[in-house]
Amino acid sequence: MTLFLKPRTIATAARILVIDDGITMRLFYRTVLEAAGFVVEEATNGLEGYEKVLARPFDLLIVDINMPKMDGLSMLRAIRRDGATMGVPAVTISTESKDSDTLKAYQAGANYYLVKPVTPETLVEVAHLMAGVPA
Amino acid sequence: MGLVKGNVPDDGLGRDPAVCPLQPKLLADLASDDPGPRRAAARALAAYPEAATALCNRLEIEPAPSVRAMILTTLIKIQNPAIAARLAALLRSDDVPLRTAVIEALQEMPDSAALHLRTLLNDPDSDVRIFAVNILGALRHADVPGWLAELIREEPHINVCAAAVDALAEIGDSEALADLDTLRARFASETFMSFAIDTATRRIRGQ
């Protein structure tokens, strides 16, 4: 299993907030993204994620959709309504693969939509693209 | 000894439902144009189990998050298998906030929800099966690790299995290790599944 892709040093590492209620999923994203040079923080639901986004800037959000307390789409809508946070790029990653699910995510404010399970290669590639960091 | 008022449910107007039957006004308020009366009615109806159907009907169309939350709080208080069945049907809703609130509500009524889990775990929609695993994993019932292990032997969808592995990482025991190894072989080309199984195995072994 190759999780450690393109190890690199980034002068100012991009900061990514991973918001997912699955403990294994958060650990997977963190392991892959940190190995690629990103700084990763975690939130376990949309409410905690929203509070972290309000508290400090991030270069990218990776957001699950189905979460307790506040789902990912509600969190994205709240972030997009706030002038201070509306510009942060967000990738939703969900088990749901129907076109209507993708459309709802984009309508809520997602910039990109991935369907689980995501490979490390795809995760790192999309993170570089969406965080504005050259691979 | 002085008289102490116990936790006698009332209809929000101080009346004991044992001597005061369900008032039509409460049901009318539940359909009010104003969310304030709807929320108050949803709260008061906790004293009337016979209002469960009306509350479930309202939940399906209720747009106000605070009223939805109160209806679900009341349904959790009343909880019975019929309510769990109505809520389980909402797992197929396209309304994401409603669906996630329903998952949390079903987790709060384990005895009633458990009766429907086998049906949900066999639902043709893999997303519904994932929600069922999420409910199952939160039930904290002694048999849950065994049910999850049984599920990963047969379940064909990787994301349903991944949800079960995630739950086993938190509540699984050594009896699940052989099934996790078998699952790893079944999804040998999936990096995430290998990672998830490694994580669950380490946690179960206390590493």
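Residues numbered from 1 in each chain as written. Chains lettered and ligands numbered in written order. Predicted model: local features only at pLDDT ≥ 70, side-chain atom pairs only at ≥ 80, totals over all residues.

Where an unreviewed UniProt entry is consulted, chain B appears under the name HEAT repeat-containing protein, with the organism given as Magnetospirillum fulvum.

In the nomenclature of an unreviewed UniProt entry, chain A corresponds to Two-component system, chemotaxis family, response regulator CheY from the organism Magnetospirillum fulvum.

A. Structural detail: the overall build of chain B. Along chain B, the regular secondary structure elements total twelve helices and zero strands. Reading chain B from its N terminus to its C terminus gives the helix and strand order α-α-α-α-α-α-α-α-α-α-α-α. Rg of the C-alpha trace for chain B: 21 Å, well past the compact-globule value of 17 Å for 207 residues, more than 25% over. By its C-alpha atoms, chain B is 60 × 50 × 25 Å across when sized along the principal axes. Counting only residues that meet the buried cut, chain B has 44% of its 207 residues in that class. (Helix = DSSP H or I, 4+ residues; strand = E, 2+ residues; numbered from the N terminus. Rg over C-alpha atoms; globule rule 2.2 N^0.38 Å. Buried ≥ 20, exposed ≤ 12 C-beta atoms within 10 Å, placed from the backbone.)

B. Representation of helix α4 (residues 65-78) of chain B. All names here are of chain B. The end-to-end C-alpha distance of α4 is 20 Å, a good match for the 20 Å that 14 residues give at a rise of 1.5 Å each. The set of residues buried in α4 consists of V67, R68, M70, I71, L72, T74 and L75. Buried residues along α4 sit against α2 (35-44), α3 (52-61), α5 (81-89) and α6 (96-107). (Expected span 1.5 Å × (residues − 1). Contact = placed C-beta atoms within 7 Å.)

C. Highlighting α3(B). All names here are of chain B. Among all positions of α3, only L55, R58 and L59 are buried. Each buried residue of α3 sits inside an arc of 105 degrees when the element is viewed along its axis, so together they form one side. Every exposed residue of α3 that faces more than 90 degrees away from the buried side is listed here: T53 and I61. (Arc of directions from axis to C-beta.)

D. Fine view of the UniProt feature "modified residue: 4-aspartylphosphate" (unreviewed entry) in chain A. Residues and elements named next belong to chain A. Mapped onto this numbering, the UniProt entry annotates "modified residue: 4-aspartylphosphate" (unreviewed entry) at D64. You can see D64 is positioned in the loop between β3 (60-63) and α3 (72-81). Contacts of D64, omitting those with residues within four sequence positions, involve I19, D20, D21, G72, I93 and S94. (UniProt positions renumbered as here; feature names shortened; annotations may be inferred.)

E. How the structure looks around the interface of chain A and chain B. With 23 residues of chain A in contact, the opposing surface of chain B contributes 22 residues. For the side of chain A that touches chain B, the elements supplying multiple residues, two or more each, are α1 (23-35) and α3 of chain A. By residue number, the principal contributor to the side of chain A that touches chain B is α1(A), which donates five residues. Per-class residue counts for the side of chain A that touches chain B are 13 nonpolar, seven polar and three charged. (Nonpolar A, V, L, I, M, F, W, Y, C, P; charged D, E, K, R; others polar.)

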